[in-house]
Amino acid sequence: MPTPPRRAALTTLVLVLVPWSLLQVLGGLLPLPGVDPARVVNGMLVPPVGVVGALVEPVVWAWAVTAAVSAMAQRDRPVRRALRALPTVCAALLAGAGTVLVAFLVLGLVLPAAGESVWVVAVLLALPVAAFLVRFALVLPIAVLDERRGREAFRTAFAGVRGQAVGFAVFLLLGVAAPALLYGWAFARPEEHVTGHVQGVLAWLLRDATLVAVVALQASALLVAHRNMSRPTLLPAPGPEARAPASGRRTQRLGRLTVPLGLAAVLLPAGLVGGVLAAERLPEVTVHTSDLPHRMIAVGWPTERGPILVGQSWFDDCLDDQCRNRRRTDLSVTMYEPYGGAAFGADGSVYALGQHELEQCDAQRICRGARAG
């Protein structure tokens, strides 16, 4: 008897996502050139986010979703099969990102002239963008289940959606886009909502467990969409390998232990985080934002100085690593993201950029403003 699809999907997701979570923890502990070490903020480990990590994470996410689609369809070797389809899947991701970027550029060009009709322009622009994104999303299950690569996968996706674009768009919006957006919103800055090491470990565990659930939901939605595509002659019927996967026979020995072992594996990164926090080898800062008049903009930690907390029109010099005592300096500029931000010098100086003005405060907290070009 083959492994049930849900158990196979859980095993597959654990094989992809747990190593990635462990790598995030370990990557913050290794001294890498040009990369700040991980820090503990409010009791939660915050690994550094570099350009490489920001580029790799979407690829790992796509790999996990693709592998879960293959596992739910009871295909053999889902992780390896998804890895072979990853170049085509990444091409679809780039095409989708490029489509969204072009749409924003076009919207930005028409904004000054659109005036009050900007929402009408945005809706009219969203329709073709959604139609393209639906087709790019369906490239993923086509590449892994039908083993179509490159242009052939894109042609199959465009042909299969013909006449059903609206239905597919609504379904994939609810099953694929909405869970990803909710996950990003909920775990954008989890360290702001924890107090203490125990909550920090639990927050890490909750983040990993939620990611597994979100990816499983996305894979299920893509699999359902793939099965409902109209393709009278484009896609061949699954072969004997698909109907009787060898993976089912190999994993049958695990039986009911699949789910407990998968859940135990999800605990590994959180356990490693707990060990790192208990070792107390990383710089730690406690930021209480409840008594701050405005939201935080940035946090800096110069060498041999306490942390620096930057708000919209002020910054605090922490007189100790726990930031229990602070010395506030008011700024003449007001920073509103994404138009403004803050940067820090090695000597503890602060550079605050407002929408039209730059202010520099040196290590002695003497501030000078200049008009930004």
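This one's a predicted model, so the numbers in the text were calculated from it and none came from an experiment.

Caption draft 1: Structural context of the overall build of the chain. The number of helices and strands found in the chain is 10 helices and 11 strands. Relative to its full complement of 373 residues, the chain shows a buried share of 42%. By sequence separation, contacts in the chain at least 24 residues apart represent 63% of the contacts at least 6 residues apart. Taken as a whole, the chain presents about 20400 Å² of accessible surface, with 64% of it coming from carbon and sulfur.

Caption draft 2: View of the state of the cysteines. Going through the model one piece at a time under the given rule, you end up with 1 disulfide. The disulfide that involves Cys 361 links it to Cys 367, with 2.0 Å between the sulfurs. Here the disulfide of Cys 361 and Cys 367 is right-handed, its torsion about the S-S bond being about 110°.

Caption draft 3: Up close: the nonpolar core. In terms of nonpolar packing, the biggest core is built from 52 residues, with Leu 17, Val 65, Val 69, Leu 138 and Val 215 touching the most fellow members. Residue contacts for Val 65: discarding those within four places in its chain leaves Leu 140, Val 215, Gln 218, Ala 219 and Leu 222. In this structure, Val 25, Met 44, Ala 203 and Val 273 belong to the second largest nonpolar core, which totals 12 residues.

Caption draft 4: Representation of the sheet that holds strand E7 (residues 326-330). A sheet is described by the order of its strands in space; here 4 strands give the open sequence E4-E5-E6-E7, paired in antiparallel fashion. Two strands in the sheet have a free side with no partner beyond their single neighbour: strand E4 (298-300) and E7. Averaged over all pairs of adjacent strands, the angle between their axes in this sheet comes to 20°, without regard to strand direction. Examined bridge by bridge, E4 and strand E5 (residues 308-310) share 3 bridges and lie antiparallel to one another.

Caption draft 5: Region of the structure containing the side chain of Gln 218. Within the secondary structure, Gln 218 sits in helix H7 (residues 197-227). Among the residues examined, Gln 218 registers a relative accessible area of 4% and is labelled buried. Here Trp 61 takes part through its side chain, which lies 2.8 Å from a polar atom of the side chain of Gln 218. Other than its neighbours up to four places away in sequence, Gln 218 contacts Trp 61, Val 65, Gly 175, Val 176 and Ala 180.

About the criteria used
- Residues numbered from 1 in each chain as written.
- Predicted model: local features only at pLDDT ≥ 70, side-chain atom pairs only at ≥ 80, totals over all residues.
- Heavy atoms only, no water.
- Helix = DSSP H or I, 4+ residues; strand = E, 2+ residues; numbered from the N terminus.
- Buried < 20%, exposed > 50% of the residue type's maximum accessible area, 1.4 Å probe, protein only.
- Contact = heavy atoms within 4.5 Å.
- Areas by Shrake-Rupley, 256 points an atom, 1.4 Å probe, with all protein chains shown as cover.
- Disulfide = S-S within 2.5 Å.
- Core = buried A, V, L, I, M, F, W, Y, C linked by side-chain atoms within 4.5 Å.
- Pairing = 2+ DSSP bridges.
- Axes fitted to C-alpha atoms, helices over the stretch in contact; angles between N-to-C directions.
- Polar contact = N/O pair within 3.5 Å; in protein donor to acceptor, adjacent residues only side chain to side chain.

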